[in-house]
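Residue strings, one per chain:
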Amino acid sequence: MRGGHVCIVVSFLLLLASVSGEFAGDYSKLSGIIIPGFASTQLRAWSILDCPYSPLDFNPLDLVWLDTTKLLSAVNCWLKCMMLDPYNQTDHRECKSRPDSGLSAITELDPGYITGPLSSVWKEWVKWCIEFGIEANAIIAVPYDWRLSPSKLEERDLYFHKLKLTFETALKLRGGPSIVFAHSLGNNVFRYFLEWLKLEIAPKEYLRWLDNHIHAYFAVGAPLLGAIETVKATLSGATFGLPVSEGTARLMFNTFGSSMWMLPFSKYCTTDNVYGRHFSGGDRKNHHAYHCDEHELQSNYSGWPTNIINIEVPSIRGGDKAYPSFVEIAQANLSGMECGFPTQLSFSAREVSDGTFFKAIKDYDPDSERLLYLLQKSYHADPILNPLTPWERPPLKNIFCIYGIDSKTEVGYYFAPSGKPYPDNWIITDVIYEIEGSLYSRSGNLVEGNPGATSGDETVPYNSLSWCKNWLGPKVNITRTPQSEHDGSDVQVHRNIEHQHGEDIIPNMTRLPTVKYITYYEDSESLPGKRTAVWELDKANHRNIVRSPVLMRELWLEMWHDIHPDKKSNFVTKAKRGPLRDEDCYWDYGKARCAWPEHCEYRYLFGDVHLGQSCRLKNSTYDLLSHYV
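None of the values given here were measured: they were computed from a predicted structure.

Student: For this particular structure, what's the right way to read the environment of L371?
Tutor: Summarising the element assignment, L371 is placed in helix α17 (residues 367-380). L371 gets classed as buried once you look at its relative accessible area, which sits at 2%. Once the C-alpha coordinates of L371 and T234 are considered, the two residues, 137 residues apart in sequence, prove to be 9.0 Å apart.

Student: Even after reading the chapter, I still don't get the pairing of strand β17 (residues 475-482), so can you show me in this structure?
Tutor: Among the 8 residues that make up β17, 6 are buried, leaving the element largely enclosed by the rest of the structure. Direction of pairing for β17 relative to strand β18 (residues 492-498): antiparallel, over a ladder of 5 bridges. The residue of β18 that forms the bridge with R480 is Q492. Relative to strand β19 (residues 517-523), β17 runs antiparallel, the two sharing 6 bridges. Bridge pairing in β19 links R480 to T519.

Student: Mind showing me how you'd approach the packing of helix α6 (residues 150-157) against helix α7 (residues 159-174) here?
Tutor: Where α6 meets α7, the closest approach of the two axes is 6 Å, and the angle between their N-to-C directions is 80°. What the angle tells us is that α6 and α7 run roughly perpendicular. Residues P150, L153, E154 and D157 of α6 form the contact with α7, whose own contacting residues are Y159, F160, H161 and K162. The residue inventory of the contact of α6 with α7, partitioned by class, reads 4 nonpolar, 1 polar and 3 charged.

Student: What should I look at first to understand the packing of aromatic side chains in this one?
Tutor: One pair of aromatic rings is described through two measures. These are the centre distance and the angle between the planes. Tallying each qualifying case throughout the model produces 28 aromatic pairs. Judged by centre distance (6.1 Å) and plane angle (75°), the rings of F38 and F253 are edge-to-face. Taken together, the positions of F38 in the loop between β2 (31-34) and β3 (43-45) and F253 in helix α11 (residues 246-253) put the pair 215 residues apart, joining distant regions of the chain. No difference in accessibility class separates F38 from F253, as the two residues are buried. Ring centres of Y144 and Y159 lie 5.3 Å apart, and the angle between their planes is 50°; this geometry places the pair in the tilted category. Taken together, the residues span a long stretch of sequence, with Y144 in the loop between β6 (139-141) and α6 and Y159 in helix α7 at a distance of 15 residues.

Student: Sorry, what's going on with the sheet that holds strand β11 (residues 309-313) here?
Tutor: Pairing between sheet strands relies on hydrogen bonds along the backbone, with the strands arranged either parallel or antiparallel. Read from one edge to the other, the open sheet built from 5 strands follows the order β12-β11-β14-β15-β16, with strand pairing classed as mixed. Unpaired on one side and paired on the other, β12 (343-347) and β16 (438-441) mark the two borders of the sheet. Averaged over all pairs of adjacent strands, the angle between their axes in this sheet comes to 20°, without regard to strand direction. Summarising the sheet, strand β14 (residues 409-417) and strand β15 (residues 426-435) pair through 8 bridges and their orientation is antiparallel. From the neighbouring strand, P417 faces β15, where its bridge partner is W426.

Student: Can you walk me through the pattern of salt bridges in this structure?
Tutor: If charged atoms from side chains of opposite charge come close, those side chains can pair. All told, the structure shown has 32 salt bridges when counted by the stated rule. Measuring nitrogen to oxygen at the nearest pair gives 2.9 Å for the salt bridge that ties D145 to R156. One end of the pair, D145, is in the loop between β6 and α6; the other, R156, is in helix α6, and 11 residues separate them in sequence. Assessed through its relative accessible area of 0%, D145 is described here as buried. In this structure, the salt-bridge partner of R553 is E485, at a minimum N-O distance of 3.9 Å.

Student: Help me understand the sheet that holds strand β4 (residues 63-65) in this model?
Tutor: In spatial order, the strands read β4-β3-β5; together these 3 strands make up an open sheet with antiparallel pairing. For this open sheet the edge positions go to β4 and β5 (97-99), each flanked by a neighbour on one side alone. Taking each pair of neighbouring strands and ignoring which way they run, the sheet shows an average axis angle of 40°. Here β3 runs beside β4; their pairing, made up of 2 bridges, is antiparallel. Residue pairing in the sheet places R44 in a bridge with L63 of β4. Contacts from helix α2 (residues 75-82) reach β3, β4 and β5 within the one sheet, and its direction differs from that of β4 by about 75°.

Student: How should I be thinking about α17 in this particular structure?
Tutor: Helical geometry note: an α-helix holds 3.6 residues per turn, so side chains three or four residues apart project in the same direction. Its 14 residues give α17 an end-to-end C-alpha distance of 18 Å, which sits within 8% of 20 Å, the value for a rise of 1.5 Å per residue. Tucked inside the fold, the buried residues of α17 contact α6, α10 (229-235), α11, α15 (349-353) and α16 (356-360).

Student: Before we go on, may I ask you to explain the state of the cysteines in this structure?
Tutor: Under the definition given, this model contains 6 disulfides. Residue pairing for C269: its cysteine sulfur links by disulfide to C292, the two sulfurs lying 1.9 Å apart. Around the S-S axis, the bridge from C269 to C292 shows a dihedral of about 105° and counts as right-handed. Here C292 lies in strand β10 (residues 291-292) and C269 lies in strand β9 (residues 269-270), a separation of 23 residues in the sequence. Judged by relative accessible area, C292 falls into the partly exposed class, the value being 37%. Between the sulfur atoms of C594 and its disulfide mate C615 the distance is 2.1 Å. Across the S-S bond linking C594 and C615, the dihedral sits near -90°, which makes this disulfide left-handed. Residue C594 is found in strand β22 (residues 593-594), and its partner C615 is found in strand β24 (residues 615-617); the two are separated by 21 residues along the sequence. Taken as a pair, C594 and C615 share a single burial class, namely buried. When the cysteines engaged in disulfides are numbered in sequence order, the protein chain pairs them as 1-2, 3-4, 5-6, 7-8, 9-11, 10-12.

Here is what the cut-offs are and how they apply
- Residues numbered from 1 in each chain as written.
- Predicted model: local features only at pLDDT ≥ 70, side-chain atom pairs only at ≥ 80, totals over all residues.
- Heavy atoms only, no water.
- Helix = DSSP H or I, 4+ residues; strand = E, 2+ residues; numbered from the N terminus.
- Buried < 20%, exposed > 50% of the residue type's maximum accessible area, 1.4 Å probe, protein only.
- Pairing = 2+ DSSP bridges.
- Axes fitted to C-alpha atoms, helices over the stretch in contact; angles between N-to-C directions.
- Parallel < 35°, antiparallel > 145°, perpendicular 65-115°, else oblique.
- Contact = heavy atoms within 4.5 Å.
- Nonpolar A, V, L, I, M, F, W, Y, C, P; charged D, E, K, R; others polar.
- Phe/Tyr/Trp six-rings, centres within 6.5 Å; stacked < 30°, edge-to-face > 60°.
- Salt bridge = Lys/Arg side-chain N within 4 Å of Asp/Glu carboxyl O.
- Expected span 1.5 Å × (residues − 1).
- Disulfide = S-S within 2.5 Å.

By themselves, these are just geometric observations and shouldn't be taken as functional.
Below, the structure is given as structure tokens:
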């Protein structure tokens, strides 16, 4: 969810255009649309702002997100260009910012020799596309203002209208559908677009439009039930790795309409179907009421591993101040012959997303009133969709849900008054982590709860990432392979494993502690004409998974397999993985030769500085890919 490293829907074309027209499939018709996620698009100034006491002013088209030089030298001016009005989502009266356009808006947020590599987002993906021969007009970036709520994106910028036109333009330009690749918050954006589209075109045309314009949807690191870090950013601030205080980051974050978009919510609570109500003549304004089933009442944590928030609130308010410090409250309690101990309250995911939590701390935190207003107006009362509800499988032909697992991930917090004034009035006293199928506190103590089979990707908990397993049918094929290139000796396959809807699938497979695996869950039988797959990548970090060569390799092979007329299976084979690029070849010092001698050879070129660089592919990419049909 953090700055240039997170969050993102992206419609991707990549993988299919390739080497100089050699492929038998008509890959040239496929295209992709990149829609970046939270804090992963450049924002530029769209006004003139004179910054006092600083030689650096903001002029039209100057970088705002992310220009670290101006952030360091004129942080107050920078905040004016970043913050929005928390109630109506308008710009600051002295400065406004708008998202940049084109691929340059998403490749490096802060270009430069030092800052460029540190803020790189999609640059490596674009390089991969170019290396495999993908045409320039096949990659279409559609950045957006990631500070806005979904309804404001459409109201202010007509974003979803433009996105629909982008898909249609890509179809006319190249003659085929697009590939959608979503990362983090981008999945939420894409989900909202699909719901918006239902009300935009005729019902009988909806599925036909999807089939014609979208070939496959790759959901990477999707917070399908929300993300816990959103709560931390709301109460104590998340700096996105920037040189600002947590209090400053909190002030900024809580003015964004998107601050509520990734709140954790219960998988047992849904809303009325606005699509059905709209076309049956029902009232669209009343669809946002929550309906929770009996499992919500029986569950202690709304289907999450533990309570999301445990917070200390004073038993009485101290003094005449609206938001007193903890010290003032304690003194007031003692002077009134009270014991002065605060009350600890715990809140589940449902109580966070439905506003119960913010109502409970309303007297002790000035942000609560604004957040409640935003939560109700922009989410629960949204005329298209209440995003804080679990989503079903989109009606697309091909869906691949991809995420990292087995990393230490935050799943709960303990907050207490800090004794400091707002915005630093809360402090995190303890954190609950999930790791290796157990829950631990920050001090290392085991915590009771309902941990999943494994842990998440350091940012999004496992139960939120793995919700897409519910999109699989009653019979699932499971394959586990090493992430690195392999000869097939460590491939494990279980076919026709029974899967109960609403329950996790836990494969009974071995795991070597020194090997990182990919576990594939694949189903092409349950829905005629549709495929669903879930890929779990060991130790893949949420913010860096989109840069992973392993992920890019698997995406390329799957898409190349899809367009090949002679493919023999519904999914690409997992039997082996060999090198596909010169970069995949390396020097084996133990055998004093290039590894993978059947595919790689030593071939020195001027400029090589070590043996590994001189290891290059023997054959063309086409010959290598022929093994994966």
